Amino acid sequence: MNDLARPALYDAFHRFEAVAPDGERVVANIAGPTCESGDVFALARDIDRVRRGDLAVFHATGAYGAAMASSYNCRPLSPQVLVDGDHFEIVADRFLPEEFAA
């Protein structure tokens, strides 16, 4: 709802993968942290199995994902990371909600 609103608003599809997949797959619902009925990225999606603490990626969220992000429910904005092969760069830092009031 705050990091990537496109799936909740108009059912946009974003590929989801574990950063270090172990080959195990599972059918799962992917939901966000705000416990709202619209905070759902995907339902019954065949994905890499991820466990608590694993890193995962939503692919191709792009400029619209960043432009539509918000600090809804006092959640910080996610940093923006550009990935090119095995190289990555943080191109926009994480912002906390209280930083918007300044």
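This text goes with the structure placed above it.
Note that the structure is a prediction, hence the values are computed from the model and not measured.

Draft legend 1. Quick peek at the overall build of the chain. Counting its regular elements, the chain contains two helices and six strands. Written out in order from the N terminus, the α and β elements of the chain read α-β-β-β-β-α-β-β. A buried classification covers 21% of the 102 residues belonging to the chain. A separation threshold of at least 6 residues defines the contact pool for the chain, and within that pool the share at least 24 residues apart is 51%.

Draft legend 2. Molecular detail of the pairing of strand S6 (residues 87-92). The pairing of strand S5 (residues 80-84) with S6 spans five bridges and is classified as antiparallel. Looking at the pairing, Asp84 lines up with His87 of S6. The turn joining S5 and S6, which pair antiparallel and follow one another in sequence, is formed by two residues; a positive phi near 65° is taken by Gly85.

Draft legend 3. Representation of the pattern of salt bridges in the model. Summed over the entire model, instances satisfying the criterion amount to six salt bridges. With its nearest N and O atoms 3.7 Å apart, the salt bridge here joins Asp22 to Arg51. Placement of the pair is Asp22 in the loop between strand S1 (16-18) and strand S2 (25-31) and Arg51 in the loop between strand S3 (40-48) and strand S4 (56-58), with a sequence separation of 29 residues. Between Asp48 and Arg25 there is a salt bridge whose closest N-O contact spans 2.8 Å. Of the two residues, Asp48 is situated in strand S3 and Arg25 in strand S2; the sequence distance between them amounts to 23 residues. Among the charged side chains, a salt-bridge network with shared partners connects Asp22, Glu24, Arg49 and Arg51.

Draft legend 4. Inspection of the environment of Ala66 at higher detail. Here Ala66 lies in helix H2 (residues 62-68). What makes Ala66 partly exposed here is its relative accessible area of 30%.

Draft legend 5. How the structure looks around a nonpolar patch on the surface. Together, Val81, Val83, Phe88 and Ile90 line one region of the surface with nonpolar side chains, adding up to about 410 Å² of accessible area. Contributions of two or more residues to the nonpolar patch are made by S5 and S6. Its location among the elements puts Ile90 in strand S6.

Draft legend 6. Region of the structure containing the side chain of Asp48. Under the relative-accessibility criterion, Asp48 is labelled buried at 9%. Side-chain polar atoms of Asp48 contact the side chain of Arg25, separated by 2.8 Å. Ignoring anything within four residues of it in the chain, the contact list for Asp48 reads Glu17, Ala18, Pro21, Glu24, Arg25 and Val26.

Draft legend 7. Representation of the environment of Arg94 within the structure. For Arg94, the position within the fold is in the segment after S6. According to the relative accessible area criterion, Arg94 is partly exposed, its value standing at 44%. In this structure, the C-alpha to C-alpha distance between Arg94 and Pro33, residues 61 residues apart in sequence, is 16 Å. Every residue in contact with Arg94, bar those within four places of it in the chain, is listed here: Pro76, Leu77, Ser78, Pro79 and Glu99.

Parameters at a glance
Residues numbered from 1 in each chain as written. Predicted model: local features only at pLDDT ≥ 70, side-chain atom pairs only at ≥ 80, totals over all residues. Heavy atoms only, no water. Helix = DSSP H or I, 4+ residues; strand = E, 2+ residues; numbered from the N terminus. Buried < 20%, exposed > 50% of the residue type's maximum accessible area, 1.4 Å probe, protein only. Contact = heavy atoms within 4.5 Å. Pairing = 2+ DSSP bridges. Salt bridge = Lys/Arg side-chain N within 4 Å of Asp/Glu carboxyl O. Patch = residues over 30% accessible without salt bridge, like charges linked within 9 Å, V, L, I, M, F, W, Y side chains within 5 Å. Areas by Shrake-Rupley, 256 points an atom, 1.4 Å probe, with all protein chains shown as cover. Polar contact = N/O pair within 3.5 Å; in protein donor to acceptor, adjacent residues only side chain to side chain.

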